[in-house]
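Residue-level structural notes
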Amino acid sequence: MAEVLVYVDHVDGAVRKPTLELLTLARRIGEPVAVHLGPGAEQAAAVLGEHGAVKVLTADAPEFAEYLVAPKVDALQAAYEAVSPAAVLVPSSAEGKEIAARLAIRIGGGIITDAVDLEAGAEGPVATQSVFAASFTTKSRVSKGTPVITVKPNSAAPEAAPAAGTVEQLAVTIGEKSKGTKVVSRTPRESTGRPELTEAAIVVSGGRGVGGAENFPVIEALADSLGAAVGASRAAVDAGWYPHTHQVGQTGKSVSPQLYIAAGISGAIQHRAGMQTSKTIVAINKDAEAPIFELVDYGVVGDLFDVVPQLTEEIKTRKG
Ligand SMILES: Cc1cc2nc3c(=O)[nH]c(=O)nc-3n(C[C@H](O)[C@H](O)[C@H](O)COP(=O)(O)OP(=O)(O)OC[C@H]3O[C@@H](n4cnc5c(N)ncnc54)[C@H](O)[C@@H]3O)c2cc1C
């Protein structure tokens with residue numbers, strides 16, 4: 001069976017969920033071979049093997065942390081040359097998309113970004129994308145070279161499928177050209193303890209209807225009861241009620257969680273562009289005519305300050 005390279009997103013060997021989703025999708029088109037760069041290969045290999053990686057190719061070098069993405073592309077290219085895979089899958093983060101694009105150029109392969117599903121096809125993997133503010137679903141396949149495909153988080157539920165996960169060292173030469181952009185400092189963001197917005201399985205977002213920064217704790221409390229990330233509409237972030245990094249939409253982040261709850265958000269096309277592929281959408285809005293109700297699975301017409309706290313309490317009670 002053809003091998004499929006899966007680029008591993010991890011923090012010191014703690015593998016992030018989108019990579020496990022990629023392994024699940026990779027198994028539909030071949031045998032997953034994981035590429036793990038940086039420290040923690042042994043720790044990562046256990047989880048990667050559990051989710052179907054037959055091999056874990058690993059390399060560590062100070063350049064991976066000292067420079068921007070190019071040294072990682074050198075390593076992924078070395079893995080590509082060692083394996084000659086049927087496809088290369090990379091998580092659709094900002095970094096992942098840059099790595100994928102650079103690799104595709106180097107190997108002369110076609111690239112598909114932000115896929116939301118993948119299936120095997122007679123002439124190579126077929127990727128599903130959601131385009132034009134999610135108003136169309138397209139299916140594409142790469143027609144030239146090895147397909148390089150980035151896949152959005154939450155596109156598949158990770159499934160365990162134990163495989164060997166044998167760790168093999170990858171020989172990597174980092175070229176001088178890859179040292180063009182050096183990292184000069186790093187400041188860790190203060191952790192909120194909540195999941196990353198683009199990776200979260202549940203997102204609770206607040207909009208102009210929240211009425212002020214002082215009311216956002218109402219949204220945060222619901223998010224915390226569900227273990228969710230907090231999002232916001234552009235109206236809310238432009239008003240300074242919540243940080244811009246939490247904006248969902250065309251000019252913000254694109255999310256595709258299992259559950260998206262929008263409170264006090266009207267559902268403008270630019271907001272929809274960033275959340276319309278969510279699996280289940282719930283809206284709470286006091287205006288029964290709000291456009292958001294056109295795309296919801298469940299809608300509550302009511303004042304969010306009545307509805308959201310009751311919902312939070314009910315969830316807490318049911319969770320015991
Ligand atoms: C180029 C461009 C890019 C854009 N990019 C983005 C983007 O990335 N993301 C984004 O979100 N927007 C974006 N916008 C802005 C977008 O057009 C809307 O203006 C914005 O999404 C509106 O935010 P909102 O729904 O919070 O506010 P509003 O449209 O004002 O809606 C507020 C809603 O809250 C409801 N409400 C009020 N009080 C309550 C209450 N107490 N309880 C329940 N409901 C209540 C109201 O009925 C209303 O439906 C962009 C616009 C442009 C032009």
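Because the structure is a prediction, the values reported are computed rather than measured. (Residues numbered from 1 in each chain as written. Predicted model: local features only at pLDDT ≥ 70, side-chain atom pairs only at ≥ 80, totals over all residues. Heavy atoms only, no water.)

Here the chain is described as being made up of domain 1 (3-179) and domain 2 (202-319). Taking only C-alpha atoms into account, the centre of domain 1 sits 32 Å from that of domain 2. Contact residues are listed per partner, giving 6 residues for domain 1 and 9 residues for domain 2. Of the roughly 630 Å² buried between domain 1 and domain 2 on both sides combined, carbon and sulfur atoms contribute 53%. (Domains from an automatic or database assignment. Contact = heavy atoms within 4.5 Å. Buried area = accessible area lost by both parts, 1.4 Å probe.)

On to the site of the ligand, then. In the vicinity of the ligand there are 25 residues, among which R208, S233, T251, S266 and N285 approach most closely. The backbone of G252 places a nitrogen or oxygen atom 3.3 Å from an oxygen atom of the ligand. Put simply, the parts of the chain that give the shell around the ligand at least two residues each are α7 (234-238), α8 (269-272) and α9 (304-319). Of the residues that constitute the shell around the ligand, the class distribution is 6 nonpolar, 14 polar and 5 charged. (Near = heavy atom within 4 Å. Polar contact = N/O pair within 3.5 Å; in protein donor to acceptor, adjacent residues only side chain to side chain. Helix = DSSP H or I, 4+ residues; strand = E, 2+ residues; numbered from the N terminus. Nonpolar A, V, L, I, M, F, W, Y, C, P; charged D, E, K, R; others polar.)

Attention now moves to the packing of aromatic side chains. For any pair of aromatic rings, the description rests on two quantities: the centre-to-centre distance and the angle between the ring planes. All chains considered together, the criterion is met by 1 aromatic pair. Measuring from ring centre to ring centre gives 4.5 Å for F216 and Y242, while their planes differ by 25°; the resulting arrangement is stacked. Residue F216 is located in helix α6 (residues 216-226), and its partner Y242 is located in the loop between α7 and β14 (259-263); the two are separated by 26 residues in the primary sequence. Y242 sits in the buried class, given a relative accessible area of 10%. Lying across the ring of Y67, K182 places its NZ or CZ 5.1 Å from the centre. (Phe/Tyr/Trp six-rings, centres within 6.5 Å; stacked < 30°, edge-to-face > 60°. Buried < 20%, exposed > 50% of the residue type's maximum accessible area, 1.4 Å probe, protein only. Lys NZ or Arg CZ within 6 Å of the ring centre and 35° of its normal.)

Here we come to the UniProt feature "domain: Electron transfer flavoprotein alpha/beta-subunit N-terminal" (unreviewed entry) in the chain. Annotation from UniProt places "domain: Electron transfer flavoprotein alpha/beta-subunit N-terminal" (unreviewed entry) at residues 4-187. Between the first and last C-alpha atoms of residues 4-187 the distance is 35 Å; the span itself is 28% helix and 29% strand. (UniProt positions renumbered as here; feature names shortened; annotations may be inferred.)

A few words on the sheet that holds strand β15 (residues 280-285). Sheet architecture is open: 5 strands sit in the order β13-β12-β14-β15-β16, paired in parallel fashion. Here the strands that pair on one side only, and so sit at the sheet edges, are β13 (229-232) and β16 (298-301). Across the sheet, the axes of successive neighbouring strands diverge by a mean angle of 15°, strand direction being ignored. Pairing of β15 with β16, which is carried by 4 bridges, proceeds in the parallel orientation. By the bridge assignment, V282 is partnered in β16 with Y298. Packed on one face of the sheet, α6 meets β12 (202-206), β13 and β14 and runs near 170° to β12. Together, β14, β15 and β16 form the strand contacts of α9, whose direction differs from that of β15 by roughly 135°. (Pairing = 2+ DSSP bridges. Axes fitted to C-alpha atoms, helices over the stretch in contact; angles between N-to-C directions.)

Turning to the pairing of β15, a few remarks are in order. A large share of β15 lies buried, amounting to 5 of its 6 residues. Where β14 lies against β15, 5 bridges are found, and the strand directions are parallel. Its bridge partner lying in β15, Y260 is registered against I281.

Attention now moves to the side chain of D9. Mapped onto the elements of the fold, D9 is located in the loop between β1 (3-7) and β2 (10-11). For D9, the contacting residues outside a window of four places in its chain are A14, V15, R16, T19, P91 and E199.

Attention now moves to the sheet that holds strand β9 (residues 136-140). With mixed pairing, the 9 strands of this open sheet are ordered in space as β9-β8-β7-β10-β6-β1-β4-β5-β11. Because the sheet does not close on itself, it has two edges, and the strands there are β9 and β11 (166-169). Between one strand axis and the next, the sheet turns through 35° on average, direction left out of account. Packed on one face of the sheet, helix α1 (residues 17-26) meets β1, β4 (31-37), β6 (87-91), β7 (111-119) and β10 (148-151) and runs near 170° to β1.

Now for the pairing of strand β8 (residues 126-131). As paired strands, β7 and β8 are joined by 4 bridges and run antiparallel to one another. For D117, the partnering residue across the bridge sits in β8 and is T128. Hairpin remark: β7 followed by β8, antiparallel, with 6 residues in the connecting loop; positive phi at G124, about 120°. Where β8 lies against β9, 5 bridges are found, and the strand directions are antiparallel. By the bridge assignment, S130 is partnered in β9 with T137. Count of turn residues in the β8/β9 antiparallel hairpin: 4 residues, of which F132 carries a positive phi of about 50°.

Counting 27 residues, the largest nonpolar core has L5, L76 and V88 as the members making the most contacts within it. Breaking this core down by element, the ones donating at least two residues are β1, β4, β5 (55-59), α4 (70-83), β6 and α5 (94-107). Broken down by element, this core gets its largest block of residues, 7 residues, from α4. If sequence neighbours within four positions are ignored, L76 has contacts with L5, Y7, V35, V88, V90, I99 and L103. Counting 26 residues, the second largest nonpolar core, distinct from the first, contains L25, A45, V142 and I149. (Core = buried A, V, L, I, M, F, W, Y, C linked by side-chain atoms within 4.5 Å.)

Here we take up the packing of α4 against α5. Helix packing geometry: the angle between the two helix axes and the distance between the axes. At a minimum axis separation of 9 Å, α4 and α5 run at an interaxial angle of 55°. Classed by the angle they form, the pair α4 and α5 counts as oblique. Where α4 crosses over α5, the handedness of that crossing is right-handed. Residues A70, K72, V73, D74, L76, Q77 and Y80 of α4 pack against E95, I99, R102, L103, R106 and I107 of α5. The residue makeup of the contact of α4 with α5, split by class, is 7 nonpolar, 1 polar and 5 charged. (Parallel < 35°, antiparallel > 145°, perpendicular 65-115°, else oblique. Left-handed = near helix turned anticlockwise from the far one by under 90°.)

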